[in-house]
Amino acid sequence: MKKKKIIRTGILAIIVFALVLFGGYTCLFSRTHYSFTRMTYSNGLLPDGFKNFKIVNLSDIHITTSKDIDRFEQIVDEIEDQSYDMVVFTGDLYESKSIEDARVQKILKKLQPGYGKFAVLGDEDHAHAEEVTNILNEGGFEVLNNSARTIHYRNSSFTLYGQSINSQEEIPASDGFVLTLSHYPDSFSQNKGHTHLQLSGHSNGGTIWFPGIGPLVKCNNATTYNHGSYTESGSELIVSNGVAPRHNYHFKVLCENEIIIITFEAVTK
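Residues numbered from 1 in each chain as written. Predicted model: local features only at pLDDT ≥ 70, side-chain atom pairs only at ≥ 80, totals over all residues. Heavy atoms only, no water.

Our focus in this paragraph is the overall build of the chain. Scanning the chain for helices and strands turns up 5 helices and 14 strands. In the chain, buried positions account for 49% of the 269 residues. Pairs at least 24 apart in sequence give 70% of the contacts found in the chain among residues at least 6 apart. Of the roughly 12900 Å² of accessible surface on the chain, a fraction of 54% belongs to carbon and sulfur atoms. (Helix = DSSP H or I, 4+ residues; strand = E, 2+ residues; numbered from the N terminus. Buried < 20%, exposed > 50% of the residue type's maximum accessible area, 1.4 Å probe, protein only. Contact = heavy atoms within 4.5 Å. Areas by Shrake-Rupley, 256 points an atom, 1.4 Å probe, with all protein chains shown as cover.)

Quick look at the structure:
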């Protein structure tokens, strides 16, 4: 009996200790900590020449202070230590008005992929759309507004489409592989079946997310799709947790800030 009591006490102590550690990390570090999420993607329509093509997906940077810019520069410096071929940004560079434009442009310029830097604007960006577009352009990004670009690599190509928020336009038909950038993940409802892969942000992964339960914080345009990846109608959606949460949320639970690196794989035909 005494032995069982000791075991129960030990288990309880371990649980309490784990909860303290988890709570401490959540409150103190989850807002600023980030990691690299590495994923592989394959599709029968993706040309064989794109095997090992790597795309860095940045989303939801939410700059509001100089410290945010310091942190962003650290992130970009770490990205530069990686191997990659393209960078895409899926919206929300700032949370409100822009600050230190020249410095942010300089940081963006550090990213030097061989096959382009492309962006779409997020809902926060649209309040100052012209200004944010200029900052991204000066940083070397092409902002796509319901427009497509053909990406050429090793004598192969695919279509990259950038969709503006609240767009009702259907993605143009293509005989080949289509990759879509769209800030709102719920746009997947209209895009599935018309694109093969969609990259989105906006939801911050749900901010507070639990397996089997889902997000406890849902925002407009991310109520159906908000965390992880989804496959429907022959299309796949990958939702980024973003680089930083919105500033009115002081922590994140089980949806760590992330930079996604997607590596294309060849499909055996």
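This part covers the pairing of strand S13 (residues 235-239). Across the 5 residues of S13, 5 count as buried, placing the element largely inside the fold. Across the two faces of S13 the burial is the same, with Ser235, Leu237 and Val239 and Glu236 and Ile238 all buried. Relative to S13, strand S12 (residues 228-232) runs antiparallel, the two sharing 5 bridges. Each residue of the ladder has a partner; that of Gly228, found in S13, is Val239. Between S12 and the antiparallel strand that follows it, S13, lie 2 residues; Ser233 among them carries a positive phi value of about 50°. (Pairing = 2+ DSSP bridges.)

In this section: the side chain of Thr263. For Thr263, the location among the structural elements is in strand S14 (residues 257-265). Classification of Thr263 by relative accessible area gives buried; the value is 15%. Discounting residues that sit within four places of it in the chain, Thr263 has contacts with Met39, Thr40, Tyr41, Asn52, Phe53 and Lys54.

Our focus in this paragraph is helix H2 (residues 66-80). Between its first and last C-alpha atoms H2 spans 21 Å; for 15 residues at 1.5 Å apiece the expected length is 21 Å, and the two agree. Of the positions making up H2, those classed as buried are Asp68, Ile69, Arg71, Phe72, Ile75, Val76 and Ile79. End-on view of H2: buried residues confined to an arc of 160°, all on one side of the axis. Against strand S1 (34-42), strand S2 (54-58), helix H3 (101-109) and S14 lie the buried residues of H2. (Expected span 1.5 Å × (residues − 1). Arc of directions from axis to C-beta.)

Now for the pairing of strand S8 (residues 178-182). Note on strand geometry: in a regular strand, side chains alternate between the two faces of the sheet. In terms of burial, S8 is largely enclosed, as 5 of its 5 residues are buried. Side-chain alternation along S8 places Val178, Thr180 and Ser182 on one buried face and Leu179 and Leu181 on a second face that is also buried. Alignment of S8 against strand S9 (residues 197-200), held across 3 bridges, turns out to be parallel. Counterpart to Leu181 in the pairing with S9 is Leu199.

Moving on, we come to the packing of aromatic side chains. Per the stated rule, a full pass over the model turns up 15 aromatic pairs. A ring pair is formed by Tyr41 and Phe177, whose centres lie 5.8 Å apart and whose planes are at 50°; its orientation type is tilted. Here the residue Tyr41 occupies a position in strand S1, and Phe177 occupies one in the loop between strand S7 (156-163) and S8, the gap between them amounting to 136 residues. Taking 5.0 Å as the distance between ring centres and 85° as the angle between the ring planes, the aromatic pair formed by Tyr225 and Tyr230 counts as edge-to-face. With respect to burial, Tyr225 and Tyr230 carry one shared label: buried. (Phe/Tyr/Trp six-rings, centres within 6.5 Å; stacked < 30°, edge-to-face > 60°.)

As for its position among the elements, Ile151 is in strand S6 (residues 147-153). Given a relative accessible area of 5%, Ile151 falls into the buried group. Along the backbone, Ile151 and Met86 are 65 residues apart, and their C-alpha atoms lie at a distance of 9.9 Å. Beyond its immediate stretch of four places on either side in the chain, Ile151 contacts Phe50, Phe53, Met86, Phe118, Ser156, Ser157, Phe158 and Leu160.

As a further point, take the packing of H3 against helix H4 (residues 129-138). Where H3 contacts H4, the axes come no closer than 8 Å and their chain directions differ by 40°. Classified by the interaxial angle, the pair formed by H3 and H4 is oblique. The residues of H4 that touch H3, namely those facing Asp101, Val104, Gln105, Leu108 and Lys109, are Glu131, Asn134, Ile135, Leu136 and Glu138. For the contact of H3 with H4, the per-class residue count stands at 4 nonpolar, 2 polar and 4 charged. (Axes fitted to C-alpha atoms, helices over the stretch in contact; angles between N-to-C directions. Parallel < 35°, antiparallel > 145°, perpendicular 65-115°, else oblique. Nonpolar A, V, L, I, M, F, W, Y, C, P; charged D, E, K, R; others polar.)

What follows is about the nonpolar core. Core analysis: the largest hydrophobic core is formed by 29 residues, its most contacted members being Leu58, Ile79, Leu93, Leu136 and Ile259. Counting only elements with at least two residues in this core, the list comes to S1, S2, H2, strand S3 (86-89), H3, H4 and S14. The element that contributes the greatest number of residues to this core is H2, accounting for 5 residues. Setting aside its immediate chain neighbours within four residues, Leu136 contacts Phe89, Leu93, Leu108, Ala119, Leu121, Phe141 and Val143. (Core = buried A, V, L, I, M, F, W, Y, C linked by side-chain atoms within 4.5 Å.)

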